[in-house]
Amino acid sequence: MSAADLARLQFAATTGIHWLFVILTMGLVPLVAVVHTRAAFTRDPVKRALRERTTRFWGQLYVINYAVGIVTGLVMEFQFGLSWSGLSKFAGNVFGAPLALETLIAFFAESTFLGMWIFGWGRLRGGVHTALIWLVTLTAYASGYWILVANGFMQHPVGYEVRDGAAYLTDFAALLTNSSALVALLHLTLGALTTGGVFVAGVSAYHFLRGTKETELFRTSLKLGLWVSTVASFFVVVVGEMQRPIIERTQPMKDAVLENSGVAEVQAQLVKEHGPGDYVPWQDTVRISMDVMTIIGNTVSTITFIALILLWKDRLTRWRWASWILVATVPFPFVASVGGWVVREVGRQPWIVYGELTVEDALSHVGRASLLASCTLFIAIFLALAVTNWTLITRFALRGPDATQLGATEPLPDDVPEGPQGSADEKQPLPAL
């Protein structure tokens, strides 16, 4: 493999694995916020306790995924300097600000709000505590928006001018309202909600297969997961089709490959515009990824819709085969989302900034041996983190609410007085100066 191939493999593998964390995080946190809100506004103490228990169960799975996933996110931006210094030199003046804002939001604001929510159980007023999880949700999607602003510029550069071989921002509003970013954000949001809904429904269905005693908790969760995934999976297909005119207008080669028509004509046009070169991406990879995304998306939409009808008729939890299908459907949205990401990124090759900068020109001057070592190391670490994450999620998901530690209060030791009298530390004599 060439140095360029190794750099591309490294970025593709690390980004793809990181994306599996992101899609579940963004899909699960709104559901946790909805359940927590219902609990906060419930006056019946029995129902309130049940809904708080539900919130803590799903919230713990979300926290596990977020905590491990944040580690993988730390590496992503380092690769711009490690492998793609040409991209930073050309486009750093444009998408440096969106990437910086994403870092501030994800690693500071979102993490701070989440920490306050985790440790706020029993310590904060109900309204404040509920507001925190909604702030976590808002910052999670704001983080996704800023990433797509940067990626949207790479897909369809707008609001800039090139001076001395570098792009400079001239219209910040155009960058923020780039159609390649906004429609992709809506598609991402619906895909994430589909993923979160299918995950909640699948885990709930599994507990019914085990004969759980927490029937009310998991029935409510099953209903929520199916409603969210059914609606979101239907519209994710609709919004996906809305991107085709944008692709046709901004990336004619990708559109020609997807349509399997006119590839040679577009190649000749791009040679005329940009000079000699091969402007055709890996056609089989793009088409297969598109087919996988489309087939799985339609399958998930059909399965969740039928499951919702069966639940309404009170047959879903009685028919074990139906519950097993829901359990088996959990990985589907992840596979579909990776397929969509491959179409978006591979389809614009050989450009890294479409029409302005090729992959070869963006590559850092790093030796093949160094890239091979970093590629092997990064992929191994990311795979280990992914296995760790799903091992923990599976373990706590299967254990059920009884194993939930989020929000648990620990009793004070017998020798530590409570209340205004102070703690045991306050009773100790002051040390001599």
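Structure: above.
The structure reproduced in this document is the subject of the present report. Predicted model, so just to flag it, every value in this text is computed and none were measured.

## Things to note about the overall build of the protein chain
Then, number 1: A tally of helices and strands in the protein chain yields 16 helices and four strands.
Then, number 2: Relative to its length of 433 residues, the protein chain is compact, with a C-alpha radius of gyration of 25 Å against a globular reference of 22 Å.
Then, number 3: Judged by the C-alpha coordinates and their principal axes, the protein chain covers about 80 × 75 × 40 Å.
Then, number 4: Out of the 433 residues belonging to the protein chain, those deemed buried represent 50%.
Then, number 5: For the protein chain, the proportion of contacts with a sequence separation of at least 24, taken over those separated by at least 6, is 80%.
Then, number 6: Summed over all atoms, the accessible surface of the protein chain reaches about 21100 Å², with 64% contributed by carbon and sulfur.
Then, number 7: Mean positive and mean negative side-chain charge positions of the protein chain (31 and 32 charges, respectively) differ by 11 Å.

## A few points about helix 4 (residues 85-118)
Then, number 1: Taking 1.5 Å per residue as the helical rise, helix 4 with its 34 residues ought to reach 50 Å, whereas the 39 Å between its terminal C-alpha atoms falls clearly short.
Then, number 2: Along helix 4, the sharpest kink reaches roughly 90°, centred on Gly92.

## Quick notes on the layout of surface pockets
In this approach a probe as big as a water molecule rolls over the atoms, and the regions it shows empty are the leftover space.
Then, number 1: Looking at the second largest pocket, its volume works out to about 370 Å³.
Then, number 2: As for the second largest pocket, its lining consists of 16 residues, and the residues nearest its centre are Arg38, Arg51, Glu216, Arg219 and Thr220.
Then, number 3: Taken together, the elements giving at least two residues each to the lining of the second largest pocket come down to helix 1 (3-40), helix 2 (45-76) and helix 8 (215-250).
Then, number 4: The dominant element in the lining of the second largest pocket, judged by the number of residues it contributes, is helix 8, at six residues.
Then, number 5: Within the lining of the second largest pocket, the residues separate by chemical class into seven nonpolar, two polar and seven charged.

## Looking at the packing of helix 11 (residues 283-312) against helix 12 (residues 320-329)
Then, number 1: Viewed as axis vectors pointing N to C, helix 11 and helix 12 meet at an angle of 145°, and their least axial separation amounts to 11 Å. Crossing of helix 11 against helix 12: the hand is left-handed. The segment helix 11 lies against helix 12, with Val300, Ile303, Ala307 and Leu310 engaging Ala322, Ile325, Leu326 and Thr329.
Then, number 2: Of the residues contributing to the contact of helix 11 with helix 12, the split by class is seven nonpolar, one polar and no charged.

## Comments concerning helix 9 (residues 252-259)
Then, number 1: With six of eight residues buried, helix 9 lies mostly within the body of the structure.
Then, number 2: Inspection of helix 9 places Met253, Lys254, Asp255, Ala256, Val257 and Leu258 among the buried residues, and these make up the whole buried set.

## Some details on the pattern of salt bridges
Then, number 1: Applying the stated rule across the entire model yields nine salt bridges.
Then, number 2: Between Glu214 and Arg53 there is a salt bridge, and its shortest N-O distance comes to 2.6 Å. One end of the pair, Glu214, is in the loop between helix 7 (179-209) and helix 8; the other, Arg53, is in helix 2, with 161 residues separating them in the sequence.
Then, number 3: For Arg53, a relative accessible area of 24% gives the class partly exposed.
Then, number 4: Among the salt bridges present, the one from Arg318 reaches Asp314, with a minimum N-O distance of 3.0 Å.
Then, number 5: Judged by relative accessible area, Asp314 falls into the partly exposed class, the value being 32%.

## Quick look at the environment of Gly191
Then, number 1: Looking at where Gly191 falls in the secondary structure, it is placed in helix 7.
Then, number 2: Residue classification places Gly191 among the buried positions, given a relative accessible area of 18%.
Then, number 3: It is 9.1 Å that separates the C-alpha atoms of Gly191 and Phe334, two residues lying 143 residues apart in sequence.
Then, number 4: Beyond its immediate sequence surroundings of up to four residues, Gly191 is in contact with Ile23 and Val236.

## Section: the packing of aromatic side chains
Then, number 1: One pass over the structure, following the stated rule, counts 14 aromatic pairs.
Then, number 2: Between Tyr62 and Tyr66 the ring centres are 6.1 Å apart and the planes differ by 40°, which places this aromatic pair in the tilted class. In this pair, Tyr62 and Tyr66 both sit in helix 2, four residues apart, roughly one turn of the helix.
Then, number 3: Tyr66 gets classed as buried once you look at its relative accessible area, which sits at 9%.

## So, the nonpolar core
Then, number 1: Ranked by size, the top nonpolar core spans 89 residues in total, and within it Leu87 and Phe199 carry the most contacts.
Then, number 2: By size, the runner-up hydrophobic cluster in this structure holds 16 residues, among which are Leu258, Tyr279, Val286 and Trp351.

## Remarks on unusual backbone geometry
Then, number 1: Following Gln349, the chain continues to Pro350 via a peptide bond in cis, the omega torsion being 10°.
Then, number 2: Mapped onto the elements, Pro350 comes out in the loop between helix 13 (332-346) and strand 3 (351-353).
Then, number 3: With a phi angle near 55°, Asn260 is a residue other than glycine that sits in the positive phi range.
Then, number 4: Looking at the element boundaries, Asn260 is found in the loop between helix 9 and helix 10 (263-274).
Then, number 5: Residue classification places Asn260 among the exposed residues on the basis of a relative accessible area of 54%.

## Side note on a nonpolar patch on the surface
Then, number 1: Where nonpolar side chains cluster on the molecular surface, the patch consists of Trp227, Val231, Phe234, Phe235, Val238 and Met242 and spans about 580 Å² of accessible area.
Then, number 2: Structurally, Met242 is set in helix 8.
Then, number 3: By relative accessible area, Met242 is classed as partly exposed at 43%.

## Comments concerning the packing of helix 5 (residues 126-155) against helix 7
Pairs of packed helices are described in terms of their axes, by the angle between the two and the distance that separates them.
Then, number 1: It is the contact of helix 5 with helix 7, at a shortest axis distance of 8 Å, that shows an interaxial angle of 135°. Overall, the two elements helix 5 and helix 7 adopt an arrangement that is oblique. In the packing of helix 5 onto helix 7, the handedness of the crossing is right-handed. Residues Tyr141, Gly144, Tyr145, Leu148, Val149, Gly152 and Gln155 of helix 5 touch helix 7, and the partners they reach there are Ser180, Ala181, Leu182, Ala184, Leu185, Leu188, Thr189, Ala192 and Leu193.
Then, number 2: By residue class, the composition of the contact of helix 5 with helix 7 is eleven nonpolar, five polar and no charged.

How each quantity is defined
- Residues numbered from 1 in each chain as written.
- Predicted model: local features only at pLDDT ≥ 70, side-chain atom pairs only at ≥ 80, totals over all residues.
- Heavy atoms only, no water.
- Helix = DSSP H or I, 4+ residues; strand = E, 2+ residues; numbered from the N terminus.
- Rg over C-alpha atoms; globule rule 2.2 N^0.38 Å.
- Buried < 20%, exposed > 50% of the residue type's maximum accessible area, 1.4 Å probe, protein only.
- Contact = heavy atoms within 4.5 Å.
- Areas by Shrake-Rupley, 256 points an atom, 1.4 Å probe, with all protein chains shown as cover.
- Lys, Arg positive; Asp, Glu negative; His and termini not counted.
- Charge placed at Lys NZ, Arg CZ, Asp CG, Glu CD.
- Expected span 1.5 Å × (residues − 1).
- Bend = angle between axes of the 7 residues up to and from the residue.
- 1 Å grid on protein atoms, 1.4 Å probe; cavity = no way out; pocket = protein on both sides within 12 Å on 5 of 7 lines; lining within 4 Å.
- Points joined across faces, edges and corners; volume = space filled by probe spheres on them.
- Nonpolar A, V, L, I, M, F, W, Y, C, P; charged D, E, K, R; others polar.
- Axes fitted to C-alpha atoms, helices over the stretch in contact; angles between N-to-C directions.
- Left-handed = near helix turned anticlockwise from the far one by under 90°.
- Salt bridge = Lys/Arg side-chain N within 4 Å of Asp/Glu carboxyl O.
- Phe/Tyr/Trp six-rings, centres within 6.5 Å; stacked < 30°, edge-to-face > 60°.
- Core = buried A, V, L, I, M, F, W, Y, C linked by side-chain atoms within 4.5 Å.
- Patch = residues over 30% accessible without salt bridge, like charges linked within 9 Å, V, L, I, M, F, W, Y side chains within 5 Å.
- Parallel < 35°, antiparallel > 145°, perpendicular 65-115°, else oblique.

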